[in-house]
Number of protein chains: 2
Amino acid sequence: MIKETEKYEVGQSLPWAEVLDSLLFNEDGLIPAIAQQFDSREILMMAWMNRQSLEETLQTGQVCYFSRSRQKLWRKGESSGQIQLLREMRLDCDGDTILLLVDQTGPACHTGRKSCFYNQVKDDRVSVIQAPLISPDILYRKNQ
Amino acid sequence: MIKETEKYEVGQSLPWAEVLDSLLFNEDGLIPAIAQQFDSREILMMAWMNRQSLEETLQTGQVCYFSRSRQKLWRKGESSGQIQLLREMRLDCDGDTILLLVDQTGPACHTGRKSCFYNQVKDDRVSVIQAPLISPDILYRKNQ
């Protein structure tokens, strides 16, 4: 259904409820979601959402993913305190990827780094290019 | 293996060949790749890469994906002429997502828009927020 917007002018719209029904969740009921810091435009992480986490995120304004490893809703920041406030949600042309423009409290990465994309591939090496903002030991202890 | 870098200082590195062997390709041999315009930091698209497309992208400096619908290598721009020059490749902390910092020629989206993420979810509507740079009819005709 989202394909209908391909030829839309700026400002034309469709009902979200109907688009939601037509999103291309994969065979596990999941859709990839990219989190980008709304002001610096840094890409923070990529994770997965199911229908419920998408709806909760829009309702609460606080990003909720679906954890594939734990097989349950993952309210970002529930153990670290480092939440993501939703500023804007976008969908791609195919309706198979979500873009979340967020305001990230502290680091997005479990290593304590702002972004999960801190490994750079260059000249046959993979090098770390970002230092932690805070030690993960402190990050996860302080909320337990 | 990429998890070894979690506690690395900035500048510490691993051999790419070994990291490549340990990347978390899914059951179809694919890994998601986010393309971001290197200077404006706009997110252009999300697509999938297999091992061969990853290696080709690094070798040629021009982004190559794997098309799930066509089940073959997809040299971005091969039909539209709108190529992506690779400026930098990054990996996330889990080794299951690629970030491509690129210089996109013209639009990244098949609709002629700069980015594929031109649909905004807001107030129970999905609205188009970006106009095409060029008509897709012209975009795809001119290289045939």
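Anything mentioned here points back to the structure above.
The following refers to the structure shown. (Residues numbered from 1 in each chain as written. Chains lettered and ligands numbered in written order. Predicted model: local features only at pLDDT ≥ 70, side-chain atom pairs only at ≥ 80, totals over all residues. Heavy atoms only, no water.)

### Things to note about the relation of the copies chain B and chain A
The relation between the two copies of this chain is a rotation about an axis and a shift parallel to it.
Here is step 1 of the chain: Turning chain B through 180° and shifting it by 0.0 Å along the axis lays it on chain A, with an RMSD of 0.0 Å. In symmetry terms, the pair is related by a two-fold rotation axis. Judged by C-alpha distance, B:Arg41 is the residue of chain B that lies nearest the rotation axis, at 2.9 Å.
Here is step 2 of the chain: Of the residues that chain B buries at the interface, 100% are likewise interface residues in chain A, meaning the two copies contact each other through the same surface. (Least-squares fit on C-alpha atoms with pLDDT ≥ 70 in both. Contact = heavy atoms within 4.5 Å.)

### Details of the sheet that holds strand β9 (residues 125–128) of chain B
Strand pairs in the sheet, formed through backbone hydrogen bonds, run parallel or antiparallel to each other.
Here is step 1 of the chain: Within the open sheet, the 7 strands sit side by side as β1(A)-β9(B)-β8(B)-β6(A)-β7(A)-β2(A)-β3(A). Their pairing is mixed. In this open sheet, the two edge strands, each paired with only one partner strand, are β1 (13–15) and β3 (43–49) of chain A. Neighbour-to-neighbour, the strand axes of this sheet turn through a mean angle of 30°, independent of strand direction.
Here is step 2 of the chain: Relative to β9(B), β1(A) runs antiparallel, the two being bridged by 3 bridges. When the sheet's bridge partners are listed, A:Pro15 is paired in β9(B) with B:Arg125.
Here is step 3 of the chain: Sitting on the sheet, helix α2 (residues 51–60) of chain A is in contact with β3, β6 (84–91) and β7 (98–104) of chain A together with β8 (119–122) of chain B, with an inclination near 115° to β6(A). (Pairing = 2+ DSSP bridges. Helix = DSSP H or I, 4+ residues; strand = E, 2+ residues; numbered from the N terminus. Axes fitted to C-alpha atoms, helices over the stretch in contact; angles between N-to-C directions.)

### Focus on the sheet that holds strand β7 (residues 98–104) of chain B
Here is step 1 of the chain: Taken in spatial order, the 7 strands make up an open sheet running β1(B)-β9(A)-β8(A)-β6(B)-β7(B)-β2(B)-β3(B), and their pairing is mixed. For this open sheet the edge positions go to β1 (13–15) and β3 (43–49) of chain B, each flanked by a neighbour on one side alone. Neighbouring strand axes in the sheet, compared pairwise and without regard to direction, differ in orientation by 30° on average.
Here is step 2 of the chain: Bridge analysis of strand β2 (residues 31–37) of chain B against β3(B) gives 6 bridges, and the strand direction is antiparallel. When the bridges of β3(B) are listed, B:Ile31 appears paired with B:Met49.
Here is step 3 of the chain: Against the sheet, helix α2 (residues 51–60) of chain B makes contact with β8 (119–122) of chain A together with β3, β6 (84–91) and β7 of chain B, and its axis sits at roughly 115° relative to β6(B), the strand it touches most.

### Focus on the packing of aromatic side chains
Here is step 1 of the chain: For the coordinates displayed, the defined rule picks out 2 aromatic pairs over all chains.
Here is step 2 of the chain: Ring plane angle 40° and centroid distance 5.2 Å describe the contact between A:Tyr65 and A:Trp74, whose orientation is recorded as tilted.
Here is step 3 of the chain: On the basis of relative accessible area, A:Tyr65 is assigned to the buried category, the value being 0%.
Here is step 4 of the chain: For B:Arg113, the ring lying beneath its charged end belongs to B:Tyr118, and the centroid distance is 3.9 Å. (Phe/Tyr/Trp six-rings, centres within 6.5 Å; stacked < 30°, edge-to-face > 60°. Buried < 20%, exposed > 50% of the residue type's maximum accessible area, 1.4 Å probe, protein only. Lys NZ or Arg CZ within 6 Å of the ring centre and 35° of its normal.)

### Details of the pattern of salt bridges
Here is step 1 of the chain: In the structure shown here, the tally under the stated rule is 17 salt bridges over all chains.
Here is step 2 of the chain: For the salt bridge of A:Arg90 with A:Glu88, the shortest nitrogen-to-oxygen distance reads 2.7 Å.
Here is step 3 of the chain: A salt bridge links B:Glu6 to B:Lys3; the nearest nitrogen and oxygen atoms lie 3.7 Å apart.
Here is step 4 of the chain: Residue B:Glu6 is classed as partly exposed on the basis of its relative accessible area, which comes to 21%.
Here is step 5 of the chain: Here B:Lys3 falls in the partly exposed class, since its relative accessible area comes to 47%.
Here is step 6 of the chain: Taken together, the shared-partner salt bridges connect A:Lys3, A:Glu6 and A:Asp94 into one network. (Salt bridge = Lys/Arg side-chain N within 4 Å of Asp/Glu carboxyl O.)

### Side note on the interface of chain B and chain A
Here is step 1 of the chain: On the chain A side, the residues contacting the 55 residues of chain B number 55 residues.
Here is step 2 of the chain: Between chain B and chain A, a total of about 4,600 Å² is buried, with carbon and sulfur atoms accounting for 57% of that surface.
Here is step 3 of the chain: Per-residue buried area on chain B facing chain A is highest for B:Phe117, B:Val121 and B:Val126; these three make up 14% of the total on that side.
Here is step 4 of the chain: Run the count over chain B and chain A and you get 2 salt bridges.
Here is step 5 of the chain: Residues B:Asp96 and A:Arg68 are paired through a salt bridge, measuring 3.4 Å at the closest nitrogen-oxygen approach.
Here is step 6 of the chain: At the junction of chain B with chain A, the criterion picks out 32 residue pairs in polar contact (both at pLDDT 80 or more).
Here is step 7 of the chain: If you list the elements that add at least two residues to the side of chain B that touches chain A, you get β1, α1 (16–22), β2, β3, β6, β7, β8 and β9 of chain B.
Here is step 8 of the chain: Of the residues assigned to the side of chain B that touches chain A, the class counts are 27 nonpolar, 13 polar and 15 charged. (Buried area = accessible area lost by both parts, 1.4 Å probe. Polar contact = N/O pair within 3.5 Å; in protein donor to acceptor, adjacent residues only side chain to side chain. Nonpolar A, V, L, I, M, F, W, Y, C, P; charged D, E, K, R; others polar.)

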